[in-house]
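Structural features, examined
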Amino acid sequence: MPGIDECLLEAMALPGARGAALVDWSSGLALGTAGDSPVGDHETTAAETAELARAAAEYESFAPAEAAPDEAVPADATGQPVEDLIVTTRTGYHVLRFVETSFDSSVFLHLWLDRADGNLALARLRLRALAEGLVLR
């Protein structure tokens, strides 16, 4: 089970990876970073992506408080109602994967991919595996 640094290094091994971070969305602080930042400063990027993650995790449009009576909820559905967010720009992809923790689950992995070289589907699958195996120490 990888720690933060190992997890970020594994994320950076993905094709087209430009930068990666583990961010606490309640405070907007980067808990760890690797590679480059889209704006040249990892702390600024962490604060800005935290706002997006917070909106998705807290706004009822994206994360309803309860499932509607006619909606089937998978038996294994636990924790965060939002799994990940994907933002597409002209030059890249930003994938934010929420990480379930034993405490407050207010962290996410942010991976910035080059659009020409990145594989969005592979990145999404790999981030899911990394988030599930991440050990926060």
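Everything here concerns the structure above.
Residues numbered from 1 in each chain as written. Predicted model: local features only at pLDDT ≥ 70, side-chain atom pairs only at ≥ 80, totals over all residues. Heavy atoms only, no water.

1. Focus: the sheet that holds strand S2 (residues 29-35)
The criterion, for reference: Any two strands are treated as partners once DSSP identifies two or more bridges connecting them. The helix count covers DSSP runs of H or I at least four residues long, the strand count covers runs of E at least two residues long, and both are numbered beginning at the N terminus. In this analysis, axes come from line fits to C-alpha atoms, helices being fitted only over the stretch in contact, and the angle between any two N-to-C directions falls in the range 0 to 180 degrees. Whether two residues are in contact is decided by their heavy atoms, any of which lying within 4.5 Å being enough.
Read from one edge of the open sheet, five strands run S2-S1-S5-S4-S3, paired in antiparallel fashion. Looking along the sheet, the strands with just one partner apiece sit at the ends: S2 and strand S3 (84-88). On average, adjacent strands in this sheet sit at an angle of 15 degrees to one another, irrespective of strand direction. Docked against the sheet, helix H1 (residues 4-12) engages strand S1 (17-24), S2 and strand S5 (107-114), running at close to 150 degrees with respect to S1. Along the sheet, helix H3 (residues 120-133) makes contact with S3, strand S4 (92-99) and S5, crossing S4 at roughly 25 degrees.

2. With respect to the nonpolar core
Worth spelling out the cut-off: Only buried residues count toward a nonpolar core, which is a set of Ala, Val, Leu, Ile, Met, Phe, Trp, Tyr and Cys residues joined through side-chain atoms within 4.5 Å. Here's how the labels work: a residue is buried when its accessible area is under 20% of the maximum for its type, exposed when over 50%, partly exposed in between, all with a 1.4 Å probe on protein chains only.
Grouped together as the largest cluster of nonpolar side chains are 21 residues, with contacts concentrated most on Leu22, Val99, Leu109, Leu111 and Leu127. Only H1, S1, S4, S5 and H3 provide two or more residues apiece to this core. The next biggest cluster of nonpolar side chains, apart from the first, holds 15 residues, and it includes Ala53, Leu85, Phe98 and Phe108.

3. Remarks on the environment of Leu111
On the secondary structure map, Leu111 appears in strand S5. Counting along the chain gives 17 residues from Leu111 to His94, while the straight-line C-alpha distance between them is 5.7 Å. Excluding anything up to four places from it in sequence, Leu111 contacts Ala11, Leu14, Ala17, Gly19, Ala20, Tyr93, His94, Val95, Ala123 and Leu127.

4. Regarding H1
Stated precisely, the cut-off is as follows: Arc definition: it is the arc formed by the directions from the helix axis to the C-beta atoms.
Among all positions in H1, only Ile4, Cys7, Leu8 and Ala11 are buried. Projection of H1 onto a plane perpendicular to its axis shows the buried side chains occupying an angular sector of 95 degrees, all on one side. Opposite the buried face of H1, at more than 90 degrees from it, the exposed residues are Asp5 and Leu9. Considering only its buried residues, H1 is in contact with S1, S2, S5 and H3.

5. Observations regarding the packing of aromatic side chains
We count it as follows: Within 6.5 Å between ring centres, the rings of Phe, Tyr and Trp (the latter by its six-membered ring) count as paired, and their orientation is classed by plane angle as stacked under 30 degrees, edge-to-face over 60, tilted in between.
Following the criterion strictly, the structure yields one aromatic pair and no others. Here the aromatic rings of Phe98 and Phe108 are separated by 6.3 Å at their centres, their planes lie at 50 degrees, and the arrangement is tilted. Placement of the pair is Phe98 in strand S4 and Phe108 in strand S5, with a sequence separation of ten residues. You'll find Phe98 and Phe108 in the same group, each marked buried.

6. Considering the pairing of S1
Each regular strand carries side chains that alternate between the two faces of the sheet. Across the eight residues that make up S1, a large majority, seven, are buried. In the sheet, S1 pairs with S2 via six bridges, with the strands oriented antiparallel. Each bridged residue has a counterpart across the sheet, and for Ala20 the counterpart in S2 is Ala34. Connecting S1 to the next strand, S2, in antiparallel fashion are four residues, including Gly28 with a positive phi near 80 degrees.

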